[in-house]
Every structure is written in C-alpha cells, then in structure tokens.
Amino acid sequence: MTDVLPPAAIFIIGGLLVPLIKGKWKSAYMLLIPVAGFINLINIPEGTHWVVGFMEYNLIFGKVDRLSLLFGYIFHLISFIAILYAIHVKDDVQNVAGLIYAGSALGVVFAGDLFSFFVFWEMLTIASIFLIWARRTKAAQGAGYRYLLVHAAGGLCLLAGIVLYVNQTGSIEFGYIGLNGLATLLIFLGFGLNCAWPLLHPWLTDAYPEATITGTIFLSAFTTKCAVYALARGFPGTEALIWIGAIMTAFPIFYAVIENNLRRVLSYSLINQVGFMVCGIGIGTQMAINGAVSHAVNDILFKALLFMSMGAVMYRNDNKINCTALGGLYRTMPLTCICCIIGAASISAVPLFSGFVSKSMVMSAAADGHMQIIYFVLLFASVGVLEHAGIKIPFFAFFGHDSGLRPKEAPVHMLLAMGIAAFFCIFNGSFPSYLYSLLPYPVEYVPYTVPHVVGQTQLIFFAALAFILLTLSGMSPAEMRAVNIDADWFYRKGGGLFYRVMDISMNGLTRVADRVIVGELTGSICRISQRWPEVLCLGVMIPLWSVTGVKGKELEGKIERTRSALQTHTSPIGISAAIATIFLVLIYLLM
Amino acid sequence: MKPENSEDKKYLFDKPASMKILAWSFLLSLVLLLVLEFFIHKHPHFPSEEWPEFYCVFAFVAFVALVLSAKYILRPLVKRREDYYD
C-alpha cells in the first residue's frame, strides 16, 4: 500500500500546484493528473485503505469496492475530457477549482466514514462555486451566491443529520443508512439537495447555465452524480426514492419545452436523467441498482458531450446560447453538430447509443416490480427527453431557421474532447458488455432483443413525427426571450421581500434612533454634562469663597479659572480619584 | 464569418433534393416500423403494451400532449419578462 495514493490526493495536491507551472508545460501537466490518477486507481486493490485515527473514531479515505470503483473510473475519464476541453483557459482560478472539484468528488466516493465524506462533500460546493463566479458577469455572480446559500443550507442539514446519526449509532462508518427517524431523514434531505430533487432543484437550473463554458462540463459531471452515489450507498431500496425519481423525470421536461437558453434546457434535462437513477436506487433490486449506476456513467458522458457542443457554439458565437439567437450552424460547424447529434442520440436511448443499454435497465426493473404507474411515467419522460434533448438542442442550434451566423468550426482540443466522449457514448451503447462487467452486481439483462429495439425505435420515430407535424403546423411553442419562474421564485422574490421588510423595519428603526438619540439626546446629554458640573461646582464654591472672604477681582479670577479648568477637563481631580479608589478597595476587602 | 461567400454557397440541407431524400426515407422508416410490429414476438410487461402499435401511438400522443400542455398551461403560468428578477 506504499506505492498508491488516495485518489482524491492526486487531484487536490496536483491542482494546488497548477499556478506554479508556467507556459506550455501547464497544459501537459494538467492532462497528466487524471492519467496518473487513473494508473494509481487501477493499482488500488478492493478493500479498506488509508485508515487514520481521529479522536476516538477512524477516518477511512479508501473504501474501495465495485460501486466506488466504477464512479472512480468515470470521474477520471470525465476529468481528462473536461481538462482537455478547457486546455485553452488561462485563468488559474478555473484550472485549480476544476481539479480540486474533481478531487473532492473522488474523495466523496471513496470515503468510508461520514466525517471525511462530509468534508469532501462541502469541498465540492466550495470548489464548484469558483467555476460559476469565474464567468465574471453580474448574472453569474448572483447565481453563484444563491448556489452557495442553498448548498450551505443543504450542508448544514446533512451535518445535523450526521451528528444525530453518529450520536445514536456510535459509529461514523458510511454504509447502508436507511430511512428511519429524524437523523436519517436529515441525511436523506442533505443528499437530496445535491441530487436536485423537485423543489430543491433550482440551484442547478439557476447556476449551471451561468457558469463558464468549460466550468459547466465539470459541474454537469460531479455534484449530482456524487449525490446519486451517496443515495446508492446509503439508501438503496428506499421506496420514497421511486416516487421522487419518477417526478424528477417528468416535471423538468415541461420546463425544457418552453426554455430559450439551450444550456438551461440541458440543466433541466440533467435533472430528468438523474430522476431515472434515483428511481432505480429506490427500486433497489440488483438490476435497478445496476441500471442506476450504469446510467450515471452514461449520463456523465453524454451530458458532458451535449454541454461541450453547446459550449463550442457559445465559444464561436460571442456567448450566444438562446434558441432565438442561434440556428443553421451545421453549415460551418459540422463536426460539433455531429458530436451534438451523437450526444442527443445517446440521451434519447437510440439503439447502439449509450442511453439505450442503461435507462432500459431501470425501466425493466420497474416493470419487473409491477410498478405500472412508475413505468409509464418513465416512458412518458423518455418521450420528453426526445423532445428537449434529442431534438430541440441539435435542431435549434444547428438546423432550424438560418441565423446567418457562419462561425468557424470548434477548436481542435474541443473537438478532441467531444470526440472522446462521443466515442464512449457509441462504444458503451454498441458493446455494453464492457460497461456491464464493471457494475456492482452481475448482469443478466440483455438490452438488444428484437421487441426492445423495435419498440424503442418506434417511440423515437413517432415522437419525431409529432415534432415535425407540430412544427410544420406552427403549433410548437414559439421560442421567445423570457424567464420562466421556478421554485427559486420563493427565495429570489422571497429574498427581495425579506430585504424590503428588513429595510423598512430595521432602517426605519435606525432612522428613528438617529433622529432621537444622535440628533437630540446625545446633544442634550453633552450640553448638560458640560454645563452641570460648572453649575454645581460654582454653586458650591461661590458661597464658600464668599464666606472665606474672597471678593472682587480675586473672586472673578477664581470663577474664571474654575470655569476654564472644567471646560478643558483639567480640573484637579487627583484627590477625589484617590479617595474613590480607596473607597473601592475598602469595599472589595470588606466583601 | 464571410457573408459574401455564405450568401451564395449552398449547404447540404439548403438543397431541395437532399431534403426530399430525407423526408422520403423518414416516411419509409415510419411505414416500415408500423409493419414490422406484426412480425415480431413481443414481451409485454403490462397488458396495454400488447395493443397493436402501442409505442407509436403512445409516443405521438405523449409528445403532442407534452408540447401543448407546456405551451398552453405552463408557459402562461410561469413566463415573465427577461428582467423579471433584476
């Protein structure tokens, strides 16, 4: 165990060293990190490694089993692709944040205890926020702050759950948790927030489209998939997840239909795909867990591919990403267009593409469990995927109306990154046995049967027919520049309301306090405290002086000296102070 | 961007002939898929999947229902001006 390192360490330490390396070596160095990490990873045997004593607990930085290994492999692959895609980025903030973010994700999946799990979980948020802020626009800044606040709330919920859970069980081991009682519910919700469950989801659709072109590729891969991993580890077979997952697949597709920003369409699509995974984890059979995990792997690849193709479109078209501004780009960006179509075919589960071999496992598991409603919700959602990701994304960017834009093809490194992702989308779809051999449980499922291929092809072609007829008849919703309010309305408008209420109440109080205390009261206290010592002092002293025979000029001189001594605070107070001190000492001694 | 070139140059889908080939092959595939149904042995999970052309009808109806409900129900409820949150 001396020749291998914890997977997270390579990325985090490697990332921190990036600013020290200058010039052309930087690109090579950054690409080397996931490669070195991968060689390191395949040399780690299954089992428990890097156990560190911490107070009375053991921290475990290497819980290596088939579930964590598969996530480890795909995280290394997608890191390599994302780094290659971002190789032109000179901004070290993004380069370091991307690598630490990937390292934190590896930390999460290999954590064997809840404490180190939580630390890496929070590092995910901290690192990813810089990929949003690095866009350096007002919208990105706002979305980043909201992202941070929402995740901070989710993190606190998770922490509260972990503290209660450890207190109850006496163990910090991260294994099966199961839903029973408050502690586990809080952990469940903490996971759910990162998983973008319905109503907890708007951080994703708010922030991802505002992140940098290259940052979104990292973002699309890690946070939600870490949450899927955590649910698969802690809550497999939890019935609530079946329904949560089904709702996740269904509701975002309605938003995706009317959304104008294509990266936001993909963000809704991301929630929809994670829904299939959550549903599979909820079903909890071996086939369902296999389906969920393999779909996570495939989704990381095809979602990154779609985000990369949209990123290339933005990169070559002055950051234009709205349907209303794009169209007809296949003419001059044919390779990007082909990559986008491969991604679209994969997410739509076209036979021979990756979605076909993984999504169907979850659906078959639902059918095997006789969950008729769930099965048809998932089938409906599959049609919805076709609408927004399968057709809308490529159609509005590369076909549709001719926007007149004739940009150059994407740069070579972006095409290479997209090419690698596209290769794996087709490879996993056409030769699923390699992917299946890495899954947590033995696979008996056969995706390529005649009825499955024909049924799925019918689904795709007749959905496409519906699209064509709706578009030709002018019944498709017109693309328009607008925002669609979502659950984030509650805190975005609620935040504004809170601000106004606080403004009126607190600033009102401040204004009143300013007028009464600063304007009136302080002035009068000041005047009184200046005037009264003089009045009191002279009131006592003048009769005293008169009695002792001081008169005329001498008396006036004494009054004048006293007055000026009081005004300049130079009156002789030494004796009174000494007496007061002695008095206090006496009281202290007597008490 | 070179507008003087792009005005004249005809790309793949600008040509009516290629659009015609695309449209006919799509229609042919639809017919093929409708016919193919009767030559395969289905493994339905639920009784409704045994209905003839179930997936074709389901996909078409679901797609239209999705698009129209998003257009006529969801959009009027949630659409706001672009500067709504500013």
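Residues numbered from 1 in each chain as written. Chains lettered and ligands numbered in written order. Predicted model: local features only at pLDDT ≥ 70, side-chain atom pairs only at ≥ 80, totals over all residues.

**Re the overall build of chain B**
Here comes step 1: Helix and strand counts for chain B stand at 3 helices and 1 strand.
Here comes step 2: When the helices and strands of chain B are placed in sequence order, the string is α-α-α-β.
Here comes step 3: Relative to a compact globule of 86 residues, whose C-alpha radius of gyration would be 12 Å, chain B shows 22 Å and is clearly more extended.
Here comes step 4: Projected onto the principal axes, the alpha-carbon positions of chain B cover approximately 55 × 45 × 15 Å.
Here comes step 5: Counting across all 86 residues of chain B, residues that qualify as buried make up 13%. (Helix = DSSP H or I, 4+ residues; strand = E, 2+ residues; numbered from the N terminus. Rg over C-alpha atoms; globule rule 2.2 N^0.38 Å. Buried ≥ 20, exposed ≤ 12 C-beta atoms within 10 Å, placed from the backbone.)

**A closer look at the interface of chain B and chain A**
Size of an interface: often given as the accessible area lost when the parts come together.
Here comes step 1: If you look at the interface, chain B gives 38 residues, while chain A gives 39 residues.
Here comes step 2: In terms of residue count, the dominant contributor to the side of chain B that touches chain A is helix H3 (residues 54-78) of chain B (16 residues).
Here comes step 3: Of the residues belonging to the side of chain B that touches chain A, the class tally is 23 nonpolar, 6 polar and 9 charged.
Here comes step 4: In terms of strand pairing, strand E3 (residues 483-484) of chain A meets strand E1 (residues 79-80) of chain B through 2 bridges, oriented antiparallel. Looking across to E1(B), one finds that A:Asn484 is bridged to B:Lys79. (Contact = placed C-beta atoms within 7 Å. Nonpolar A, V, L, I, M, F, W, Y, C, P; charged D, E, K, R; others polar. Pairing = 2+ DSSP bridges.)

**Comments concerning the domain arrangement of chain B**
Here comes step 1: Taken domain by domain, chain B holds domain 1 (1-40) and domain 2 (45-86).
Here comes step 2: Computed from C-alpha coordinates alone, the two centres of domain 1 of chain B and domain 2 of chain B are separated by 26 Å. (Domains from an automatic or database assignment.)

**Brief notes about helix H1 (residues 7-16) of chain A**
The α-helix winds at 3.6 residues per turn, so residues separated by three or four positions along the chain end up facing the same way.
All names here are of chain A.
Here comes step 1: Here H1 lies mainly inside the structure; 7 of its 10 residues are buried.
Here comes step 2: When H1 is considered as a whole, its buried residues turn out to be Pro 7, Ala 8, Ile 10, Phe 11, Ile 12, Gly 14 and Gly 15.
Here comes step 3: Buried residues in H1 make contact with helix H2 (25-42), helix H3 (66-85), helix H4 (92-110) and helix H5 (114-133).

**Some words on the domain arrangement of chain A**
Here comes step 1: According to the domain assignment, chain A contains domain 1 (1-235), domain 2 (236-406) and domain 3 (517-590).
Here comes step 2: Placing a centre on the C-alpha atoms of domain 2 of chain A and another on those of domain 3 of chain A gives a separation of 84 Å.

**Things to note about the nonpolar core**
Residues and elements named next belong to chain A.
Here comes step 1: Among the nonpolar cores identified, the biggest contains 201 residues, and Ala 304 and Leu 305 are the most heavily contacted of them.
Here comes step 2: When residues in this core are grouped by element, the largest group, 18 residues, is from helix H12 (residues 286-316).
Here comes step 3: In this structure, Leu 305 is in contact with Cys 339, Ile 342, Gly 343, Met 418, Ala 421, Ala 422 and Cys 425, ignoring residues within four places of it in sequence. (Core = buried A, V, L, I, M, F, W, Y, C linked by C-beta atoms within 7 Å.)

**Remarks on the environment of A:Phe356**
All names here are of chain A.
Here comes step 1: With respect to the element layout, Phe 356 can be found in helix H14 (residues 354-368).
Here comes step 2: With 140 residues separating them in the primary sequence, Phe 356 and Gly 496 have C-alpha atoms 45 Å apart.
Here comes step 3: Other than its neighbours up to four places away in sequence, Phe 356 contacts Ala 349, Val 350, Pro 351, Gly 429, Pro 447 and Gln 456.

**Thoughts on the confidence of the model for chain B**
Caution applies to low-pLDDT parts of the model: their predicted coordinates are not meant to be read in detail.
All names here are of chain B.
Here comes step 1: For chain B, per-residue confidence averages 85 on the pLDDT scale, and residues scoring 70 or more make up 91% of the total.
Here comes step 2: In the model of chain B, helix H1 (residues 3-8) stands out as the element of lowest mean pLDDT, 48, in contrast to H3, which has the highest, 94.
Here comes step 3: Listed scores for the predicted complex are pTM 0.87 and ipTM 0.89. (pLDDT = per-residue confidence, 0-100.)

**Quick look at the packing of helix H18 (residues 450-472) of chain A against helix H2 (residues 16-36) of chain B**
What describes two packed helices is the angle between their axes and the distance between those same axes.
Here comes step 1: Here H18(A) crosses H2(B) at 140 degrees, and the two axes come no closer than 10 Å. As judged from the angle between their axes, H18(A) and H2(B) are oblique. As H18(A) runs across H2(B), the sense of the crossing is left-handed. Note on element contacts: H2(B) touches H18(A) through B:Ser29, B:Leu30, B:Leu33 and B:Leu36, opposite A:Val454, A:Thr457, A:Gln458, A:Phe461 and A:Leu465.
Here comes step 2: The class makeup of the residues in the contact of H18(A) with H2(B) is 6 nonpolar, 3 polar and no charged. (Axes fitted to C-alpha atoms, helices over the stretch in contact; angles between N-to-C directions. Parallel < 35°, antiparallel > 145°, perpendicular 65-115°, else oblique. Left-handed = near helix turned anticlockwise from the far one by under 90°.)

**Describing the pairing of strand E1 (residues 47-54) of chain A**
Residues and elements named next belong to chain A.
Here comes step 1: Where E1 lies against strand E2 (residues 57-64), 7 bridges are found, and the strand directions are antiparallel. Residue pairing in the sheet places Phe 54 in a bridge with Tyr 57 of E2.
Here comes step 2: Following E1, the chain reverses through 2 residues before pairing antiparallel with E2; Met 55 in that reversal takes a positive phi of roughly 50 degrees.

**Section: helix H13 (residues 334-347) of chain A**
All names here are of chain A.
Here comes step 1: Over its 14 residues, H13 extends 20 Å from the first C-alpha to the last, a length consistent with the 20 Å expected when each residue adds 1.5 Å.
Here comes step 2: Where burial is concerned, most of H13 is hidden: 10 out of the 14 residues are buried.
Here comes step 3: Those residues of H13 not exposed but buried are Thr 336, Cys 337, Cys 339, Cys 340, Ile 342, Gly 343, Ala 344, Ala 345, Ser 346 and Ile 347.
Here comes step 4: In this structure, the buried residues of H13 make contact with helix H11 (262-283), H12, H14, helix H15 (372-398) and helix H16 (412-430).
Here comes step 5: Of the residues trailing H13, Ala 349 is marked for its positive phi of about 60 degrees. (Expected span 1.5 Å × (residues − 1).)

**Quick notes on the confidence of the model for chain A**
Here comes step 1: Taken over all residues, the pLDDT of chain A has a mean of 93, while the share at 70 or more is 99%.
Here comes step 2: Mean pLDDT across the elements of chain A bottoms out in helix H20 (residues 552-567) of chain A (85) and peaks in H16(A) (97).

**Comments concerning the environment of A:Val454**
Here comes step 1: Locating A:Val454 in the fold gives a position in helix H18.
Here comes step 2: The spatial distance from the C-alpha of A:Val454 to the C-alpha of A:Pro351 is 9.2 Å, given a sequence separation of 103 residues.
Here comes step 3: Excluding its chain neighbours within four sequence positions, the residues that come into contact with A:Val454 are B:Leu36, B:Glu37 and B:Ile40.

**A look at unusual backbone geometry**
Residue and element names in this part refer to chain A.
Here comes step 1: The backbone of Ala 196 sits at a positive phi, close to 65 degrees, despite the residue not being glycine.
Here comes step 2: Checked against the element boundaries, Ala 196 lands in the loop between helix H7 (182-194) and helix H8 (202-207).
Here comes step 3: The buried category is assigned to Ala 196, around which 26 C-beta atoms lie within 10 Å.
Here comes step 4: Of note in this structure, His 370 is not a glycine but carries a positive phi near 55 degrees.
Here comes step 5: Mapping His 370 onto the fold places it in the loop between H14 and H15.

**Observations regarding the packing of H13(A) against H15(A)**
All names here are of chain A.
Here comes step 1: Two elements in contact, H13 and H15, have axes whose closest approach is 8 Å; the angle formed by their N-to-C orientations is 170 degrees. Classified by the angle their axes make, H13 and H15 are roughly antiparallel. In this structure, H13 contributes Cys 337, Cys 340, Ile 341, Ala 344 and Ile 347 to the contact, and H15 contributes Val 385, Ala 389, Gly 390, Ile 393, Pro 394, Ala 397 and Phe 398.
Here comes step 2: Taken together, the residues that form the contact of H13 with H15 break down as 11 nonpolar, 1 polar and no charged.

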